[in-house]
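If you want the building blocks of each chain, they are given just below.
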Amino acid sequence: GRAKEQGLTVGTYDSGQDASSTDRLALLAELQDAFAADDQIMLHLQPAVDLVTAEPTGCEALVRWRHPRRGQLSPAEFLPAVERSELLIPFTRRVLDLALAAAADWTAHGIDVPVSVNVSARSLTDPTFPAQVTEALRRHRTPASRLVLEITESVAVSEQDIVDEVLARLRASGVQMSLDDFGTGFSSLSSVTRMPVDEIKIDRSFVEEMIDSPAAGAVVRGAVELGARLGVRVVAEGIETVEQRAALIALGCPSAQGYHFCKPMPADKIVQALTQLRGSSSARVTPLRADG
Ligand code: C2E
Ligand code: MG
Ligand code: MG
Ligand code: MG
């Protein structure tokens, strides 16, 4: 496959340490072939919307692997292996290319929202990562401000200097930064002080529990207030019910993402979904259905 032509090898540094390492190596070998096939690595896209109006405010790329024998694999089933291998760079390149192509498509249809791409923590320790991002933007002639990079947690303290450097260069290039799964990592609160972000995404677990748990509701309220004070966007993740929507609106949360509004959809369906959301009135949003 293409990956082999580029001289990549599969990372093996902890092979033998766990029972599944053989599986993982097989998976990585198959992934090299998947890069050569056109349609195995694909994105599903999920809009983020204004909680009151349902107007799209952004759209997140969520990777899927249509494996020839195992069927559709979710990120949890293959990302950990990818992240520990040398395939992370070509994988990230493919995801950026697919995401920027999808964004060009909805832009051409008059929908001007940015695309969000999830970034592996390990990419933030790669000094070449900012250049990979700017090169992808150049390939697609996309302004940096149309790309949001979603980052999660902490990386090893020993690598903090390089992470700070990578984040500073990404910021300087004009891409937007989002703190994903906010509230779950030990680093959540310190993250917002050590680097400027444009957006905070409140983890789904708090949205799920907020109706029954005053503590979870307090976390949501705290995140909303923090966002307002910092002047950053706040997005609640994983909203599934009309009750959650009402509760989030009552707490002043501006926007959300979740099955209640729209499930993640294949790229060829997303323009229609975004258009439908834009045209829907606040009171009568019917959830859009796609993959489960
Ligand atoms: P995330 O970035 O926090 O993405 C949100 C996850 O919640 C997605 O799972 C999405 O499909 C799911 N979700 C959205 N709305 C709802 C809802 O209303 N209810 C429930 N129960 N779930 C909802 P998915 O697609 O399996 O992705 C899981 C994680 O994998 C993502 O979490 C992200 O951290 C990572 N990921 C996904 N795509 C990529 C990628 O291209 N690169 C990297 N490095 N990581 C990725
Ligand atoms: Mg995300
Ligand atoms: Mg998240
Ligand atoms: Mg999450």
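Starting from 1, residues in each chain are numbered consecutively following that chain's sequence as written. A letter from A marks each chain and a number from 1 marks each ligand, given out in the order of writing. A pLDDT threshold of at least 70 governs which residues receive local features in this predicted model, and a stricter bar of 80 or more applies before side-chain atom pairs are shown or counted, although totals over entire chains, interfaces and linings include all residues. To get the side-chain values, all heavy atoms of the structure are used, and hydrogens and water are removed first.

- Per an unreviewed UniProt entry, the chain is named Diguanylate cyclase/phosphodiesterase, and its organism is Actinoplanes teichomyceticus.

### Some thoughts on the pattern of salt bridges
Pairing is possible between side chains that carry opposite charge, provided their charged atoms lie close to one another.
In step 1: A side-chain nitrogen of Lys or Arg and a carboxyl oxygen of Asp or Glu constitute a salt bridge if their distance falls within 4 Å. As enumerated under the stated definition, the model contains eleven salt bridges in all.
In step 2: A salt bridge links Glu199 to Arg233; its shortest N-O distance comes to 3.2 Å. A residue pair is termed long-range when its members are at least 10 positions apart, and Glu199 in strand β7 (residues 199-202) and Arg233 in strand β8 (residues 233-237) qualify at 34 residues. Helix numbering and strand numbering both begin at the N terminus, where a helix is a DSSP run of H or I of at least 4 residues and a strand a DSSP run of E of at least 2.

### A closer look at helix α6 (residues 160-173)
In step 1: Between its terminal C-alpha atoms α6 stretches 20 Å, which fits the 20 Å expected from 14 residues at 1.5 Å a residue.
In step 2: Every buried residue of α6 is accounted for by Gln160, Val163, Val166, Leu167 and Leu170. Down the axis of α6, the buried set is contained in an arc of 125 degrees. They therefore lie on one face. Turned more than 90 degrees from where α6 packs its buried face, Asp161 and Ala172 sit exposed.
In step 3: Among the residues trailing α6, Gly174 stands out with phi positive, at a value near 100 degrees. A helix is expected to reach a length of 1.5 Å times the quantity of its residues less one. Relative accessibility thresholds used throughout: buried, under 20% of the residue-type maximum; exposed, over 50%; partly exposed, between the two (1.4 Å probe, protein chains only). The arc in question is the one spanned by the directions pointing from the helix axis to the C-beta atoms.

### Focus: the coordination of the magnesium ion (ligand 2)
Geometry sets the ideal angles at a metal, namely 109.5 degrees for four tetrahedral donors and 90 or 180 degrees for six octahedral donors.
In step 1: Here a donor is an N, O or S atom found within 2.8 Å of the metal, or within 3.2 Å if the metal is Na, K or Ca; sites may look incomplete because water is not among the atoms. At this site the magnesium ion (ligand 2) is bound by Glu60 (OE), Asn118 (OD1), Glu150 (OE) and Asp180 (OD), with donor distances of 1.9 to 2.2 Å.
In step 2: The distance between the magnesium ion (ligand 2) and the magnesium ion (ligand 3) comes to 3.9 Å, with Asp180 serving as a donor to both metals. You can see Glu60 sitting in strand β2 (residues 56-67) and its partner Glu150 sitting in strand β5 (residues 147-151), a full 90 residues away along the chain. Of the two residues, Glu60 and Glu150, neither departs from the other in class, the shared state being buried.

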